[in-house]
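Each chain, letter by letter, is given below.
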Amino acid sequence: MARGSGATTTRRTTALVAVVSLLLMITGCALLPTVSTTAPTPGSTTAAPSSDTPSSGAPSAGGSSATPTQGSGRPVQPVPDVRPAGFLSPPPGQGLQRYLGQRVRWSDCGKGLRCAAVLAPLDYADPDGEAITLGLAKRPASAGPSAGSLFINPGGPGGSGTKYVDYFEVKGLERFDVVGWDPRGTGQSTPVKCANGAAMDVYTSVDVTPDDKAEEKALTQAQLDFGRGCLERSGALLEHISTTETVRDLDLLRHLVGDEKLSYFGSSYGTKIGALYAELYPATVGRMVLDGAVNITGKKDVSQLDGFERALGNFATWCAEQRCKLGSSKTEVERTIGDLLQRLDEKPINGGRAKLTQQLGLTGVLAVLYENEEGWKYLRQGLELAAFENDGRYLLYFADQYNDRSTNGTYGQLQFSFPAIRCLDSQDVSVSEAEKEGAEEAKRAPTLGPFAGADLVCPLWPVAPFPKEPTIRGAGAAPIVVIGTTGDPATPYEYAERMAKQLRSGHLLTLKGEGHLGYGQSACIQRYVQAYLLDGDVPADGTRC
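Residues numbered from 1 in each chain as written. Predicted model: local features only at pLDDT ≥ 70, side-chain atom pairs only at ≥ 80, totals over all residues. Heavy atoms only, no water.

Draft legend 1. Expanded view of the pattern of salt bridges. Counted by the stated rule, this structure contains 22 salt bridges. Between Asp-201 and Arg-405 there is a salt bridge; the shortest N-O distance is 2.8 Å. Taken together, the positions of Asp-201 in helix 4 (residues 198-205) and Arg-405 in the loop between helix 12 (393-402) and helix 13 (414-425) put the pair 204 residues apart, joining distant regions of the chain. Counted as one network, the salt bridges with shared partners bring together Lys-111, Arg-139 and Asp-166. (Salt bridge = Lys/Arg side-chain N within 4 Å of Asp/Glu carboxyl O. Helix = DSSP H or I, 4+ residues; strand = E, 2+ residues; numbered from the N terminus.)

Draft legend 2. Structural detail: the sheet that holds strand 2 (residues 114-121). As summarised here, the arrangement of the 10 strands in space is 1-2-3-5-4-6-7-10-11-12, forming an open sheet in which the pairing is mixed. Each edge of the open sheet carries a strand with a single partner, namely strand 1 (107-108) and strand 12 (543-544). Summarising the sheet, strand 11 (residues 506-514) and strand 12 pair through two bridges and their orientation is parallel. Across the sheet, Leu-509 pairs through a bridge with Thr-543, a residue of strand 12. The strands touched by helix 6 (residues 243-256) are strand 2, strand 3 (131-139), strand 4 (149-153), strand 5 (177-181) and strand 6 (262-267); relative to strand 2, the strand with the most contacts, the crossing angle is about 125°. (Pairing = 2+ DSSP bridges. Contact = heavy atoms within 4.5 Å. Axes fitted to C-alpha atoms, helices over the stretch in contact; angles between N-to-C directions.)

Draft legend 3. Structural detail: the pairing of strand 3. Taken across its nine residues, strand 3 has eight buried, putting it largely inside the fold. Of the strand pairs in this sheet, strand 2 and strand 3 are connected by eight bridges, and their pairing is antiparallel. Each residue of the ladder has a partner; that of Ala-117, found in strand 3, is Gly-135. Relative to strand 5, strand 3 is paired through four bridges, and the arrangement is antiparallel. Considered in strand 5, the bridge of Lys-138 is made with Val-179. (Buried < 20%, exposed > 50% of the residue type's maximum accessible area, 1.4 Å probe, protein only.)

Draft legend 4. Representation of the side chain of Ser-242 in the model. Inspection of the secondary structure puts Ser-242 in the loop between helix 5 (213-234) and helix 6. According to the relative accessible area criterion, Ser-242 is buried, its value standing at 0%. Each residue touching Ser-242, except ones within four places of it in the same chain, is listed here: Leu-424, Asp-425 and Phe-466.

Draft legend 5. Layout of the layout of surface pockets. Roughly 1400 Å³ of volume is contained in the second largest pocket. Asn-295, Gly-298, Lys-300, Ser-426 and Asp-428 are the residues nearest the centre of the second largest pocket, which is lined by 46 residues in total. For the lining of the second largest pocket, the secondary-structure elements that each account for two or more residues are helix 7 (269-280), helix 13, helix 14 (431-443) and helix 16 (493-502). In terms of residue class, the lining of the second largest pocket is made up of 15 nonpolar, 16 polar and 15 charged. (1 Å grid on protein atoms, 1.4 Å probe; cavity = no way out; pocket = protein on both sides within 12 Å on 5 of 7 lines; lining within 4 Å. Points joined across faces, edges and corners; volume = space filled by probe spheres on them. Nonpolar A, V, L, I, M, F, W, Y, C, P; charged D, E, K, R; others polar.)

Draft legend 6. Region of the structure containing unusual backbone geometry. Looking along the chain, the bond that leaves Gly-144 and enters Pro-145 is cis, with omega of -5°. With respect to the helices and strands, Pro-145 occurs in the loop between strand 3 and strand 4. The linkage connecting Gly-156 with the following residue, Pro-157, adopts the cis geometry, with an omega of 0°. Within the fold, Pro-157 resides in the loop between strand 4 and helix 3 (161-164). Positioned with a positive phi, Lys-111 is a non-glycine residue whose angle comes to about 60°. By the secondary structure assignment, Lys-111 is in the loop between strand 1 and strand 2. Judged by its relative accessible area of 63%, Lys-111 is exposed. For Asp-404, which is not a glycine, the phi torsion comes out positive at approximately 60°. Mapped onto the elements, Asp-404 comes out in the loop between helix 12 and helix 13. With relative accessibility at 35%, the residue Asp-404 sits in the partly exposed group.

Draft legend 7. The arrangement of the packing of helix 10 (residues 358-369) against helix 11 (residues 373-389) in detail. Where helix 10 contacts helix 11, the axes come no closer than 9 Å and their chain directions differ by 160°. Considered as vectors, helix 10 and helix 11 are oriented roughly antiparallel to each other. Handedness of the crossing formed by helix 10 with helix 11: left-handed. Facing Val-365, Val-368 and Leu-369 of helix 10, the residues of helix 11 in contact are Gly-375, Trp-376, Leu-379 and Leu-383. Classifying every residue of the contact of helix 10 with helix 11 by side-chain character gives six nonpolar, one polar and no charged. (Parallel < 35°, antiparallel > 145°, perpendicular 65-115°, else oblique. Left-handed = near helix turned anticlockwise from the far one by under 90°.)

Draft legend 8. Region of interest: the state of the cysteines. Counted under the stated rule, the structure contains five disulfides. Here Cys-423 connects covalently by a disulfide to Cys-458, the sulfurs 2.2 Å from one another. Of note, the bridge from Cys-423 to Cys-458 carries an S-S torsion of about -85° and is left-handed in sense. Of this pair, Cys-423 sits in helix 13 while Cys-458 sits in the loop between helix 15 (449-452) and strand 10 (480-487), placing them 35 residues apart in sequence. (Disulfide = S-S within 2.5 Å.)

Draft legend 9. Examining the environment of Asp-428 more closely. Relative to the elements of secondary structure, Asp-428 occurs in the loop between helix 13 and helix 14. C-alpha of Asp-428 to C-alpha of Gly-73: the two residues are 355 residues apart in sequence and 8.8 Å apart in space. Apart from the residues within four sequence positions on either side, Asp-428 is in contact with Arg-74, Cys-458 and Pro-459.

Draft legend 10. How the structure looks around the environment of Gly-476. Looking at the secondary structure, you find Gly-476 in the loop between helix 15 and strand 10. Residue Gly-476 is classed as exposed on the basis of its relative accessible area of 68%. Residues Gly-476 and Arg-504, spaced 28 residues apart in sequence, show a C-alpha to C-alpha distance of 7.7 Å.

Draft legend 11. Representation of helix 5 in the model. Taking 1.5 Å of rise per residue, 22 residues should cover 32 Å, and helix 5 covers 32 Å from first to last C-alpha, within 8% of that figure. Those residues of helix 5 lying buried are Leu-219, Ala-222, Gln-223, Leu-224, Phe-226, Gly-227, Gly-229, Cys-230, Leu-231 and Ser-234. If you follow the buried residues of helix 5, they end up packed against helix 4 and helix 13. Measuring from the backbone nitrogen of Ala-214 back to the side-chain oxygen at the start of helix 5 gives 3.2 Å, which picks out Asp-212 as the cap. Gly-235, located one to two residues past helix 5, shows a positive phi value of around 60°. (Expected span 1.5 Å × (residues − 1). Polar contact = N/O pair within 3.5 Å; in protein donor to acceptor, adjacent residues only side chain to side chain.)

If you want it as structure tokens, here you go:
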């Protein structure tokens, strides 16, 4: 998809309020009415993270201390000696124990939240070496009796957990201290830095489906330049932002807030964090909810492109039923969209601040497909304006929201942490294999496939992959609720079915509906989740809303 069809993008588009603001700005009217303690000592009864291998047979989270090899197949570059913001000396003491004795010093940070920062080892294999900063935010419980902490993660990879606390739906969960943290490399947690501004404008506009040798060269060079720009500014941090290390951070945080067991709600990529936690630390899994499951099976018969193609088809059916200008049938609507994207390749149209290119047009479409029918009306209007009036302002706005581009031309940090974390986790090292896989996926997606392109980000990343994660089964973990939405574009429903089946204690909870993620849009899903998190009532496997 945007910057690679294999990317596990996990964000919803910016709230509809932002879209309404666009409508007010362009049309002068809105289609909608007014439309996220004290640490125990290591010797206390709180279970402490182990400095040894987390689970029998699981690899150590410190495995990235091995020197990357040129034989990885990636264009691996020497790591520059830079010290990003957030690098600090470790706490007093020795080994991992020096981190276990930290106190979490919460302070008010507005909107009823409390914030804090703690340290974690850059490399768990070398806990006496460099430390990094982890930022946290908490919405304290407002009802009793206390249910402890509920850690939450919004996805990404690279989404901000501290921001998630501000808009996470806490109604019904008031007995929890809701705690979000920015995973290492993101937000307030020693963030990845890359080239920004004009360089990112070029990068997000590059044609990912080159038509000739010159465009192929430009695409390859754009990927190389982007990755090297991140390495130049982030250095060794790029070798230590894997999901495995984030899971070890999460267990450290669980200990520091004083919880024996982890209660956790993860959305989208956050489901990977939770599932891998269950694999590495099954004995400390308390109650865990995973909404919008990612693919943990390794199977490639269903891709994110399949999910977006399916969502586009559902939008096209809806649009035809609404008598939209794009067509009177699903097929006609899809054809109009395909023709528009093809024309944008040949002749970009006015988008206001810049020309709407094919890549930005595709990104704008995908951005709104994250929404359900409530958001589709804006996609319909944006497509109608672009297709019939050569007005690309809506689609470019949607693309800018998705790319987290501000009006001053700079891009949000997620645009850097997302590829950096994803590519450290990924074992993709071959451009030719990526191109082959992209071609196979495109055959299954006749409308979007011709424009999605191969995912070359990771095969051209300048850092070697982190050691491969173990097969995730979570043997010995308490029951885990996995939520899947049948029309989810970014995390296809099959992923939830497979995650629930592969996890030994998985229970599938299904929302029949559209859009990315189920909990925020379904009162039925919320009732089941709240009963489980608060009272331990596990929904029967296969329950549907």
